[in-house]
Amino acid sequence: MRFAHAAAIFFRGFLDHPRMVASIVPSSKSTIDALLERVDWANCKLFVEYGPGVGTFTSHILDRLPADGMLLVIDTNSRFIDYLRQSIHDDRFQAVLGSATDVDKFIRATGHDKADYILSGLPFSALSVEQGQEIVDTSYSVLREGGAFLTYQFRDAARRLTEERFAKVETGFALLNVPPCLLTWGWKLSQQ
């Protein structure tokens, strides 16, 4: 029942904003596992997710997050934020209606100075180059040293922007996703 409701919300979000919901199908579990496997969960105090949709990654992040960690999700779609607020009951979870470009303000509101990891599900190929650069630059500025900016995309716009800003970038592919997608990890190195 929960899956059917989430799928209906996701599909409605796609119909409302097809350019901002990159796929009509949520990401596969193999994609989620592949993208999250490099996270140092034991030392993660604040994980930020942009564009959580109906929480396909969100529940998996909360499953891995330590008891003293926090997950902050940010989306511009009120339908998704309302759904997440109603369906996730976890003290470590906070959903905010707003833009990823304001992540610094949202992080400060949680009482943290920096994020350990930022995961973006935003469709960078649907954004202007300037918007994409602003999101990547802002994300870089709020990450702690040793933290990472993670993306999963069907095109390479996010990877290219990540490579322009981060000194260490790793990539992979999720071939079992529909459609297959490119995974990117941009690591913030000390003295970068």
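The structure displayed is predicted, hence computed values, not measured ones. (Residues numbered from 1 in each chain as written. Predicted model: local features only at pLDDT ≥ 70, side-chain atom pairs only at ≥ 80, totals over all residues. Heavy atoms only, no water.)

Observations regarding the overall build of the protein chain
Part 1 of the argument: Scanning the protein chain from terminus to terminus reveals 7 helices and 7 strands.
Part 2 of the argument: Secondary structure elements of the protein chain occur, N-terminal to C-terminal, as α-α-β-α-β-α-β-α-β-α-β-α-β-β.
Part 3 of the argument: The proportion of buried residues among the 192 residues of the protein chain is 52%.
Part 4 of the argument: When contacts within the protein chain are restricted to residue pairs at least 6 apart in sequence, long-range pairs at least 24 apart make up 66% of them.
Part 5 of the argument: Accessible area of the protein chain: about 9200 Å², with a carbon and sulfur share of 52%. (Helix = DSSP H or I, 4+ residues; strand = E, 2+ residues; numbered from the N terminus. Buried < 20%, exposed > 50% of the residue type's maximum accessible area, 1.4 Å probe, protein only. Contact = heavy atoms within 4.5 Å. Areas by Shrake-Rupley, 256 points an atom, 1.4 Å probe, with all protein chains shown as cover.)

Quick look at the sheet that holds strand β3 (residues 93–97)
Part 1 of the argument: Pairing is mixed across the open sheet formed by 7 strands, whose spatial order is β3-β2-β1-β4-β5-β7-β6. Unpaired on one side and paired on the other, β3 and β6 (168–174) mark the two borders of the sheet. Taking each pair of neighbouring strands and ignoring which way they run, the sheet shows an average axis angle of 15 degrees.
Part 2 of the argument: Judged from the 5 bridges that link them, strand β4 (residues 115–120) and strand β5 (residues 143–153) form a sheet pairing that is parallel. (Pairing = 2+ DSSP bridges. Axes fitted to C-alpha atoms, helices over the stretch in contact; angles between N-to-C directions.)

Let's talk about the packing of aromatic side chains
Part 1 of the argument: Following the criterion strictly, the structure yields 7 aromatic pairs and no others.
Part 2 of the argument: Judged by centre distance (5.5 Å) and plane angle (10 degrees), the rings of Trp 41 and Phe 47 are stacked. As far as the burial class goes, Trp 41 and Phe 47 line up, both buried.
Part 3 of the argument: Seen from their ring centres, Phe 124 and Phe 149 are 6.5 Å apart, and the 85 degrees between their planes marks the pair as edge-to-face. (Phe/Tyr/Trp six-rings, centres within 6.5 Å; stacked < 30°, edge-to-face > 60°.)

Focus on the pattern of salt bridges
Part 1 of the argument: In this structure the tally under the stated criterion is 11 salt bridges.
Part 2 of the argument: Across the pair Lys 45 and Asp 68 runs a salt bridge whose closest N-O atoms are separated by 2.6 Å. One end of the pair, Lys 45, is in the loop between α2 (29–36) and β1 (46–50); the other, Asp 68, is in the loop between α3 (58–64) and β2 (70–75), with 23 residues separating them in the sequence.
Part 3 of the argument: Look at Lys 45 and you get partly exposed, because its relative accessible area is 34%.
Part 4 of the argument: Each member of the salt-bridge network shares a partner with another, and the members are Asp 156, Arg 159, Arg 160 and Glu 163. (Salt bridge = Lys/Arg side-chain N within 4 Å of Asp/Glu carboxyl O.)

Examining the confidence of the model for the protein chain
Part 1 of the argument: Overall, the prediction assigns the protein chain a mean pLDDT of 87, with 82% of residues at 70 or greater.
Part 2 of the argument: Scored below 50 in pLDDT, residues 1–9 shows 10 contacts in the model against residues more than four places distant or in partner chains.
Part 3 of the argument: This model gives residues 17–24 a pLDDT under 50, and the stretch forms 19 contacts once residues within four places in sequence are excluded. (pLDDT = per-residue confidence, 0-100.)

Some points on α2
Part 1 of the argument: Considered for burial, the residues of α2 that qualify are Thr 31, Ile 32, Leu 35 and Leu 36. The buried residues of α2 occupy an angular sector of 115 degrees when projected down its axis, which confines them to one face.
Part 2 of the argument: Tucked inside the fold, the buried residues of α2 contact β1, α3, β4, β5, β6 and β7 (181–187). (Arc of directions from axis to C-beta.)

Brief notes about the pairing of β7
Part 1 of the argument: The element β7 is largely enclosed, with a buried count of 7 among its 7 residues.
Part 2 of the argument: Taking every second residue as pointing to the same face, both faces of β7 are buried, with Cys 181, Leu 183, Trp 185 and Trp 187 on one and Leu 182, Thr 184 and Gly 186 on the other.
Part 3 of the argument: The sheet contact formed by β5 and β7 spans 6 bridges and is antiparallel. When the sheet's bridge partners are listed, Tyr 152 is paired in β7 with Leu 183.

Overview of the packing of helix α6 (residues 129–142) against helix α7 (residues 157–165)
Part 1 of the argument: At a closest axis distance of 10 Å, the pairing of α6 and α7 adopts a crossing angle of 45 degrees. On the basis of the axis angle, α6 is oblique to α7. Regarding α6 and α7, the two cross each other, and that crossing is right-handed. Across from Gly 132, Gln 133, Val 136, Asp 137 and Tyr 140 in α6, the residues of α7 making contact are Leu 161, Thr 162, Glu 164 and Arg 165. (Parallel < 35°, antiparallel > 145°, perpendicular 65-115°, else oblique. Left-handed = near helix turned anticlockwise from the far one by under 90°.)

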